[in-house]
Amino acid sequence: MTVTFFRRLSTLILGGGMAVVLMVATPSPARAQQVVVMVNGEPITNFDIEQRSKLTMLSTHKMPERQDVINELIDEKVKIREGKKFSIDPSASDIDQSYAAMSGRMRITPDQLTKTLEAQGIRAETLKARIRADMVWSNLVRGRYKESLQIGEKEVAAAAQESGDEKATETQGFEYKMQPVVLVVPRGSGPDVTEARKKEAEALRTRIQTCAEANAFFKSMQNAAIRETVVKTSADMPAALREILDNTPIGHLTPPEITKQGVEMVVLCARDPTKMDTPKKREIRDKMYSAKYEAKSKSYLQDVRRAAMIEYPKSQ
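Reading the values: the criteria
Residues numbered from 1 in each chain as written. Predicted model: local features only at pLDDT ≥ 70, side-chain atom pairs only at ≥ 80, totals over all residues. Heavy atoms only, no water. Helix = DSSP H or I, 4+ residues; strand = E, 2+ residues; numbered from the N terminus. Buried < 20%, exposed > 50% of the residue type's maximum accessible area, 1.4 Å probe, protein only. Contact = heavy atoms within 4.5 Å. Areas by Shrake-Rupley, 256 points an atom, 1.4 Å probe, with all protein chains shown as cover. pLDDT = per-residue confidence, 0-100. Pairing = 2+ DSSP bridges. Axes fitted to C-alpha atoms, helices over the stretch in contact; angles between N-to-C directions. Core = buried A, V, L, I, M, F, W, Y, C linked by side-chain atoms within 4.5 Å. Salt bridge = Lys/Arg side-chain N within 4 Å of Asp/Glu carboxyl O. Polar contact = N/O pair within 3.5 Å; in protein donor to acceptor, adjacent residues only side chain to side chain. Parallel < 35°, antiparallel > 145°, perpendicular 65-115°, else oblique. Nonpolar A, V, L, I, M, F, W, Y, C, P; charged D, E, K, R; others polar.

### Brief notes about the overall build of the chain
Okay, step 1: A tally of helices and strands in the chain yields 14 helices and eight strands.
Okay, step 2: In the chain, which comprises 316 residues, the share counted as buried stands at 38%.
Okay, step 3: For the chain, contacts bridging at least 24 residues in sequence account for 76% of all contacts bridging at least 6.
Okay, step 4: Accessible surface for the chain amounts to roughly 18300 Å². Of this, 52% is attributable to carbon and sulfur atoms.

Below is the structure:
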């Protein structure tokens with residue numbers, strides 16, 4: 001499932017887009033089961049096409065061309081068949097987990113997503129079939145062409161120079177070693193309790209000078225916890241968080257933040273220069289990887305499709 005599809009579908013469901021009326025006539029049972037095309041001996045019916053058309057319209061607000069839908073379904077059939085050749089065959093549990101993850105990103109439950117689809121005449125299995133094909137194909141392309149999809153430092157530098165961003169890629173990157181800390185605020189506590197814990201946190205910021213001190217103190221402190229060390233690079237974090245960490249002395253605590261757990265901080269244990277990706281290099285690398293992936297995916301799909309047996313029982 002592409003990022004665009006996720007975003008559009010999520011926006012549609014959360015943003016009130018369900019008012020769209022799907023002008024797709026309900027097919028008769030006989031027509032619905034009519035086989036339109038056979039792909040390696042597997043049928044694609046009118047029902048499959050109409051279901052996928054509705055799903056596409058739901059995410060794009062446009063009725064797709066029938067042949068485009070047929071081609072999409074053919075592609076998915078050959079992708080899944082190719083995956084089985086390499087023992088890539090997601091289980092029903094794998095698909096359900098991906099479906100649940102999608103609904104979670106939409107801030108709704110899987111059942112709510114299912115009901116939303118059903119309200120538009122779309123079976124959950126229609127979306128799950130698309131998820132399965134995308135999951136199989138992504139694993140296939142990334143697995144079979146892992147080496148050729150890698151982006152080297154020289155390629156990143158050349159791309160940066162070509163786009164005029166070579167200076168941006170020279171920006172120093174850092175590797176941060178840090179330990180999250182939380183001063184617990186019991187659920188149901190009033191604002192005064194939270195404020196008191198926040199003041200306590202501010203006082204501790206002047207007291208704690210090293211990670212060793214932080215571990216000794218918070219491990220013995222009631223209603224507080226310090227977690228294991230987390231290592232992140234500059235490219236892994238948003239600019240606002242990088243700025244906070246860059247302005248925090250080593251061994252000290254970041255400014256307190258109120259969360260559901262209570263009052264949270266981070267003790268910065270190390271900030272070391274690294275040759276790993278800076279945020280700009282990561283952006284360039286990701287863009288180049290996506291371009292390579294799309295090109296390899298398209299070429300691979302063309303080869304697989306040419307080798308497939310595609311038969312139209314009746315003229316379309």
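Moving on from the coordinates now.
### Here's the deal with the confidence of the model for the chain
Okay, step 1: Scored by pLDDT, the chain comes out at a mean of 85, with 84% of its residues at no less than 70.
Okay, step 2: Low pLDDT (under 50) marks residues 1-8, which in the prediction has 14 contacts with non-local residues, meaning those over four places away or in another chain.
Okay, step 3: Confidence over residues 10-26 falls short of pLDDT 50; this stretch has 28 contacts with residues more than four positions distant or in other chains.

### Re the sheet that holds strand S2 (residues 42-45)
Okay, step 1: Reading across the sheet, the three strands line up as S2-S1-S8 and stay open at both edges, with antiparallel pairing between neighbours. The outermost strands of the open sheet, each flanked by one partner alone, are S2 and strand S8 (310-311).
Okay, step 2: Here strand S1 (residues 35-39) pairs with S8 via two bridges, running antiparallel. Looking across to S8, one finds that Val 39 is bridged to Ile 310.
Okay, step 3: Its contacts with the sheet put helix H3 (residues 46-60) on S1 and S2, and the angle it makes with S2 is roughly 55 degrees.
Okay, step 4: With respect to the sheet, helix H4 (residues 66-85) is in contact with S1, S2 and S8, its orientation differing from that of S1 by roughly 35 degrees.

### Section: the pairing of strand S7 (residues 262-274)
Every regular strand shows the same layout, with side chains that alternate between the two sheet faces.
Okay, step 1: By the bridge criterion, 12 bridges tie strand S3 (residues 173-184) to S7 in an arrangement that is antiparallel. Considered in S7, the bridge of Val 182 is made with Glu 264.
Okay, step 2: In this structure, the hairpin formed by strand S6 (residues 257-258) and S7 is closed by a connection of three residues.

### Looking at the pairing of S1
Okay, step 1: With four bridges connecting them, S1 and S2 associate as antiparallel partners. Pairing of Val 37 across the sheet is with Ile 44, part of S2.
Okay, step 2: Linking two consecutive strands that pair antiparallel, namely S1 and S2, is a turn of two residues; a positive phi of about 50 degrees is found at Asn 40 within it.

### Brief notes about the nonpolar core
Here is a general trend for soluble globular proteins: nonpolar side chains tend to be buried in one another's company.
Okay, step 1: Of all hydrophobic cores here, the largest spans 21 residues; its most connected members are Ile 44, Ile 49 and Trp 137.
Okay, step 2: Looking at this core element by element, the count peaks at five residues for H4.
Okay, step 3: If you look at the next biggest cluster of nonpolar residues, it comprises 16 residues, including Val 181, Ala 214, Ile 226 and Val 267.

### Some remarks on the pattern of salt bridges
Okay, step 1: Summed over all chains, the structure comprises 15 salt bridges.
Okay, step 2: Close ionic contact of Arg 52 with Glu 76 constitutes a salt bridge, the shortest N to O distance being 2.7 Å. With Arg 52 in helix H3 and Glu 76 in helix H4, the pair connects residues that are 24 residues apart, well separated along the chain. Both residues of the pair, Arg 52 and Glu 76, belong to the buried class.
Okay, step 3: Glu 202 is the partner of Arg 205 in a salt bridge, and the nearest nitrogen-oxygen pair spans 3.6 Å. Residue Arg 205 and its partner Glu 202 are located together in helix H11 (residues 191-207), separated by three residues, close to a single helical turn.

### Quick word on the side chain of Gln 179
Okay, step 1: With respect to the element layout, Gln 179 can be found in strand S3.
Okay, step 2: In this structure the side chain of Gln 179 is engaged in a polar contact, spanning 2.8 Å, whose partner is the backbone oxygen of Arg 227.
Okay, step 3: Those residues in contact with Gln 179, other than ones at most four positions away along the chain, are Cys 211, Asn 215, Ile 226, Arg 227, Glu 228, Thr 229, Met 265, Val 266, Val 267 and Cys 269.

### Let's talk about the packing of H3 against helix H7 (residues 124-144)
Okay, step 1: Between H3 and H7, the least distance of the axes is 10 Å, while the angle of their chain directions is 80 degrees. The pairing of H3 with H7 is recorded here as roughly perpendicular in orientation. In this structure, H3 contributes Gln 51, Arg 52 and Leu 55 to the contact, and H7 contributes Thr 126, Leu 127, Ala 129 and Arg 130.
Okay, step 2: Tallied by class, residues from the contact of H3 with H7 come to three nonpolar, two polar and two charged.

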